[in-house]
Amino acid sequence: IDDTPDLFRRLAAAGITTREACGNTVRNVTACPIAGVCRDETFDVTPYAKACARFLLGHKDTQDFGRKFKIAFSGCAGHACGLAMMHDMGCIARKRIVDGVEKRGFEFYVGGGLGAVPYQAKLFDEFLPVEELLPVAQAMARVFARLGEKKNRAAARLKFLVKKLGIGEFKRLVIEERAALPSDPKWTDWLGEAEQDVEHPLRGLDEPPVVAGHPVSTVRISPFEKWCSTNAKPQRQPGYVAVTVTLPLGDISSSQMRKLSDIVRKYLHDTIRTTVEQNLLLRWIRESDLPALYRDLEGIGLNEPGAESIVDVTACPGTDTCKLGIASSRGLAAVLREKLMTRELQYDEAVRNMRIKVSGCFNSCGQHHLADIGFYGSSRTIGGFTVPHFQLLLGGEWSENAAHYGLSIGALPSKRIPEVVDRLIERYMRERQSGENFRVFMGRLGKKEAKAMLDDLTMVPAHDADPSFFVDWHDSREFSIGDMGKGECAGEVVSMFDFDLAEAEREVFEAQIELDGISEDASTEEIKRHSAAAIRTACKAMISAAHALNRIRNIDSPADPARVVEIFRRDFYDTQIFFDRFAGGRFAQFLFQAHERGDIDPTPENAHQRVEEAQLFIEASHACQMKIVAGQAPAVPSPFAPGR
């Protein structure tokens with residue numbers, strides 16, 4: 001800790017600050033890594049992202065939030081570079097003719113976010129003029145600071161405030177706040193420079209190319225050509241390309257970083273950017289310099305191909321370093337990457353463009369909700385042993401700025417996941433229609449059929465038959481919790497719990513089937529009917545899971561929903577047995593709220609969120625049962641516990 005002041009000074013000398021990189025503030029403002037060189041962008045959003053970051057950093061109106069606030073800028077609507085739809089504030093570049101003059105602005109979204117239950121951002125304004133960007137952001141910060149949740153961190157993000165107020169009322173409050181703000185010259189004094197903020201290459205096209213260290217291979221498909229096909233993308237400026245340096249799992253050593261710094265000085269100015277897929281992007285590389293750059297990268301082990309493709313599997317830290325980690329996300333991601341690379345030549349462009357993302361727990365640090373195939377870590381107790389599992393999510397969409405979020409169709413043993421990926425890809429390649437991407441294909445196939453084709457992979461062999469299932473990827477330790485023993489939570493009762501939980505999982509899956517029943521041309525009445533049915537079924541699933549826990553204490557516990565909730569609250573919530581070590585009682589609140597609200601406001605978005613909540617409640621029920629079996633929580637609460 002004594003070294004940190006010197007560390008901060010050295011970072012500041014290089015123009016880097018750690019200020020507000022964490023905490024309940026506006027976090028690091030992000031934007032497309034290819035902004036300014038993208039062939040599809042409306043305009044370069046870089047200067048606007050910079051101005052927003054500088055204006056809000058340390059601002060007095062951003063110091064009293066209940067939780068963090070994230071902002072992203074995207075130069076277009078079609079790509080995933082900015083992921084504007086999953087942020088508290090998302091800005092997509094737009095142009096409009098006003099009084100015969102072309103004006104810049106943003107399609108402006110608010111209230112997005114991932115986390116345990118993801119929320120899609122809501123459209124705040126179809127066209128927010130650039131001169132209104134900073135004052136509206138300031139007004140929004142003031143509304144969030146004043147009305148946002150402060151006591152319960154689990155409900156303190158902006159998405160919950162927008163949900164509570166409704167987008168119409170939230171917008172009215174922000175506009176009202178904006179009108180009351182005293183004028184600030186900082187809102188617009190940077191605009192004149194913004195359009196002049198243009199990057200330039202280090203080397204002109206008329207200069208001779210950098211000489212490669214040794215000749216590039218002349219075989220039919222050389223490693224260099226394969227690397228170029230995935231890692232070098234033409235810029236909108238002729239003769240230049242943006243090159244992605246692939247960092248498997250986002251890893252780079254300090255030695256590689258120093259050597260990379262030396263290498264890029266030969267080719268460009270300070271035009272390196274990080275990407276959301278954990279890679280580095282080098283902008284303004286001349287096409288003629290690609291052979292030399294490739295050989296330089298090869299010399300430090302950073303010449304791997306496959307950037308922004310199915311082999312570029314990303315993962316959160318998981319159990320390696322995160323206290324929230326349940327299963328080894330990095331271990332699984334590494335195994336999947338290695339296996340996919342051996343089969344890459346068998347895949348066509350549609351498969352290569354897919355994304356796989358892995359999180360170690362239900363939180364979305366690995367952005368599993370946005371992937372074509374997403375996974376998040378969970379666990380199951382089988383035969384007295386804890387077996388690492390992953391929930392499989394389908395239906396996410398990486399493009400269109402994260403336009404769709406996936407839903408879990410069930411948990412599978414960690415060691416089965418490579419087989420799961422193989423089956424999904426093979427089915428897609430075999431049966432897809434012309435031009436059909438993976439999300440659309442899975443929607444046509446249906447979750448019921450997808451689940452059926454994977455059912456045999458849910459089985460876990462006996463510990464004696466194959467102990468590898470009881471050990472996580474890249475780990476030598478076994479997850480054993482020993483024999484269950486006899487008593488209140490043993491024998492037949494635990495088997496009954498597993499049976500009851502299976503019923504809850506069936507019901508939450510049925511809720512998904514109801515959601516899948518909403519076709520693109522469905523009438524308003526059909527949408528409402530399916531959404532209401534999905535909400536009711538998800539609520540029923542939570543009731544079933546709570547009833548399963550109640551029956552651990554009393555096998556004859558009543559099944560009436562009101563009594564189930566009452567007994568669960570008394571025996572598992574008030575006593576905190578159900579509490580997660582980090583989420584506290586948040587997941588129990590999902591049950592209470594669902595039971596209280598019923599199917600009011602039946603929209604597809606609300607139904608999607610209720611299904612997510614039900615899945616998390618069921619996962620928490622599994623974890624609670626495991627604690628009881630392991631003796632970490634009493635099966636029979638004390639009669640003197642709070643609330644009894």
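Provided above is the structure to which this section pertains.
Predicted model only: the values in this text are computed from it and were never measured. (Residues numbered from 1 in each chain as written. Predicted model: local features only at pLDDT ≥ 70, side-chain atom pairs only at ≥ 80, totals over all residues. Heavy atoms only, no water.)

**Focus on the packing of helix α17 (residues 524-553) against helix α20 (residues 604-629)**
At a closest axis distance of 8 Å, the pairing of α17 and α20 adopts a crossing angle of 10°. On the basis of the axis angle, α17 is roughly parallel to α20. Looking at side-chain class alone, the contact of α17 with α20 contains 18 nonpolar, 4 polar and 2 charged residues. (Axes fitted to C-alpha atoms, helices over the stretch in contact; angles between N-to-C directions. Helix = DSSP H or I, 4+ residues; strand = E, 2+ residues; numbered from the N terminus. Parallel < 35°, antiparallel > 145°, perpendicular 65-115°, else oblique. Nonpolar A, V, L, I, M, F, W, Y, C, P; charged D, E, K, R; others polar.)

**Side note on the nonpolar core**
Membership of the largest hydrophobic core comes to 48 residues, with the highest contact counts inside it found for Phe-568, Phe-578, Phe-587 and Leu-591. For this core, the element with the most residues is α17, which contributes 12 residues. For Phe-568, the contacting residues outside a window of four places in its chain are Ala-546, Leu-549, Asn-550, Tyr-573, Phe-578, Ala-588, Leu-591, Phe-592 and Phe-617. Core analysis: the next-biggest nonpolar cluster, separate from the first, contains 46 residues, Ala-35, Phe-55, Phe-170 and Leu-181 among them. (Core = buried A, V, L, I, M, F, W, Y, C linked by side-chain atoms within 4.5 Å. Buried < 20%, exposed > 50% of the residue type's maximum accessible area, 1.4 Å probe, protein only. Contact = heavy atoms within 4.5 Å.)

**Focus: the pattern of salt bridges**
Side-chain pairing between opposite charges can occur once the charged atoms of the two side chains come close. Inspection of every chain in the model, using the stated rule, returns 46 salt bridges. Here Asp-456 ties to Arg-423 by a salt bridge, and the two come within 2.6 Å at their closest N and O atoms. You can see Asp-456 sitting in the loop between α15 (447-452) and α16 (491-516) and its partner Arg-423 sitting in helix α13 (residues 417-431), a full 33 residues away along the chain. Classification of Asp-456 as partly exposed rests on a relative accessible area of 41%. Between Lys-447 and Asp-516 there is a salt bridge; the shortest N-O distance is 3.4 Å. With Lys-447 in helix α15 and Asp-516 in helix α16, this pair connects stretches of sequence that are 69 residues apart. Owing to a relative accessible area of 13%, Lys-447 belongs among the buried residues under this scheme. Classification of Asp-516 as partly exposed rests on a relative accessible area of 37%. Each of the salt bridges in this network shares a partner with another, and the network as a whole consists of Lys-60, Asp-61, Arg-142, Arg-146 and Glu-177. (Salt bridge = Lys/Arg side-chain N within 4 Å of Asp/Glu carboxyl O.)

**What about the environment of Asn-606?**
Structurally, the position occupied by Asn-606 is in helix α20. Asn-606 sits in the buried class, given a relative accessible area of 12%. Separated by 90 residues in the primary sequence, Asn-606 and Asp-516 have C-alpha atoms spaced 14 Å apart. When residues no more than four places from it in sequence are discounted, the contact partners of Asn-606 are Lys-163, Ile-535 and Asp-601.

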